[in-house]
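Examination of the molecular architecture
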Amino acid sequence: MGAPLDWSIGHYEDTAAQLLPASVALVAAAALQPGERVVDVGCGTGNATLLAARAGARVTGVDPATRLLDVARTAAAAAGLDATFVAGEAATIPLDDASADAVLSVFGVIFAPDAEAAAAELARVRAPSGRIVLSAWDPDGAIVRMTGVAADAVREAVG
């Protein structure tokens, strides 16, 4: 497999809008409480991050795509929401040990090049009594096959 796909290329905002219902479902499943410390790994444009902030959580969105973090910051400011956004990879989350009551990822961490390192990081930042809530594509499904084809095409096109 080649280099990780750069999600900031193109206009990911359209895809993010289509994935908003998944973020709504995931944040609801997380049953966040006001004041909880939440990390959204692979936050992209901030769908789940902003929903968590609306629920009263103290939330940090983490993503390697700095352009998407800027989009998320702008959306948070426009909505008057308090959310922090930091650049980082799922395998090296730039947060302290046990710093999150809930670790979320909406179709984000599944794209981490090193799944074992990403899983270890999710567990590392999760507080002992916390939870990890994530969504993933069916590993044998059409979405995974389509994503692989699209990733290969983009890598070939942009080098």
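Let me begin by describing the structure that accompanies this report. For clarity, every value in this text was computed on a predicted model and none was experimentally measured.

Criteria and thresholds
- Every chain begins its residue count from 1, and numbering advances along the sequence as written.
- A pLDDT threshold of at least 70 governs which residues receive local features in this predicted model, and a stricter bar of 80 or more applies before side-chain atom pairs are shown or counted, although totals over entire chains, interfaces and linings include all residues.
- Based on all heavy atoms of the structure, the side-chain values leave hydrogens and waters out of the count.
- To qualify as a helix, a DSSP run of H or I must reach at least 4 residues; to qualify as a strand, a run of E must reach at least 2; elements of each kind are numbered from the N terminus.
- Any carboxyl oxygen of Asp or Glu that lies within 4 Å of a side-chain nitrogen of Lys or Arg is treated as forming a salt bridge with it.
- Each residue gets one of three labels from its accessible area relative to the maximum for its type: buried under 20%, exposed over 50%, partly exposed in between, using a 1.4 Å probe on protein chains only.
- By this definition, two strands are paired if DSSP reports at least two bridges between them.
- Orientation is described by lines fitted to C-alpha atoms, with helices fitted over the stretch in contact, and by angles between N-to-C directions that extend from 0 to 180 degrees.
- Take the buried Ala, Val, Leu, Ile, Met, Phe, Trp, Tyr and Cys residues and link them wherever side-chain atoms come within 4.5 Å; each set so joined is a nonpolar core.
- Contacts: residue pairs with any heavy atoms within 4.5 Å of one another.
- Throughout, the arc means the angular range of directions from the helix axis out to the C-beta atoms.
- By the criterion applied in these results, polar contacts are pairs of N or O atoms within 3.5 Å in which, for protein atoms, one can donate a hydrogen and the other can accept it, and in which residues neighboring in sequence qualify only through two side-chain atoms.

Observations regarding the environment of Ala-100
Inspection of the secondary structure puts Ala-100 in strand E4 (residues 100-106). For the pair Ala-100 and Gly-130, spaced 30 residues apart in the sequence, the C-alpha separation amounts to 6.9 Å.

A closer look at the pattern of salt bridges
Applying the stated criterion across every chain, the model contains six salt bridges. Asp-101 is the salt-bridge partner of Arg-37, the closest N and O atoms lying 3.1 Å from each other. Here the residue Arg-37 occupies a position in strand E1 (residues 37-41), and Asp-101 occupies one in strand E4, the gap between them amounting to 64 residues. For Asp-152, the salt bridge goes to Arg-155, with nearest N and O atoms at 3.3 Å. Here Asp-152 and its partner Arg-155 are both found in helix H5 (residues 142-158), three residues apart, which amounts to about one turn of the helix. Take Arg-155: its relative accessible area is 18%, and that puts it in the buried class.

Focus on the sheet that holds strand E3 (residues 83-87)
Read across the sheet, five strands follow the order E3-E2-E1-E4-E5 without closing on themselves; strand pairing throughout is parallel. Looking along the sheet, the strands with just one partner apiece sit at the ends: E3 and strand E5 (126-135). In this sheet, neighbouring strand axes are inclined to one another by 20° on average, regardless of whether the strands run parallel or antiparallel. The sheet contact formed by strand E2 (residues 58-63) and E3 spans five bridges and is parallel. Opposite Val-59, over in E3, you have Ala-83 as the bridge partner.

A look at the nonpolar core
In terms of nonpolar packing, the biggest core is built from 24 residues, with Leu-32, Val-38, Ala-52, Val-59, Phe-85 and Leu-104 touching the most fellow members. Within the residue set of this core, elements represented by two or more residues are helix H1 (12-30), helix H2 (47-54), helix H3 (66-79), E3 and E4. Not counting residues within four places of it along the chain, the set of residues in contact with Val-59 comprises Val-38, Thr-49, Ala-52, Ala-53, Asp-82, Ala-83 and Thr-84. Membership of the second largest hydrophobic core comes to twelve residues, among which are Ala-90, Ala-112, Leu-122 and Val-125.

Some thoughts on helix H4 (residues 115-125)
Looking only at H4, the buried set comprises Ala-118, Glu-121, Leu-122 and Val-125. Down the axis, H4 shows its buried residues gathered within 100° of arc, on one side only. In this structure, the buried side of H4 is in contact with E1, E4 and E5. Between the side-chain oxygen at the start of H4 and the backbone nitrogen of Glu-116 there is a gap of 3.3 Å, and the oxygen is on Asp-114.

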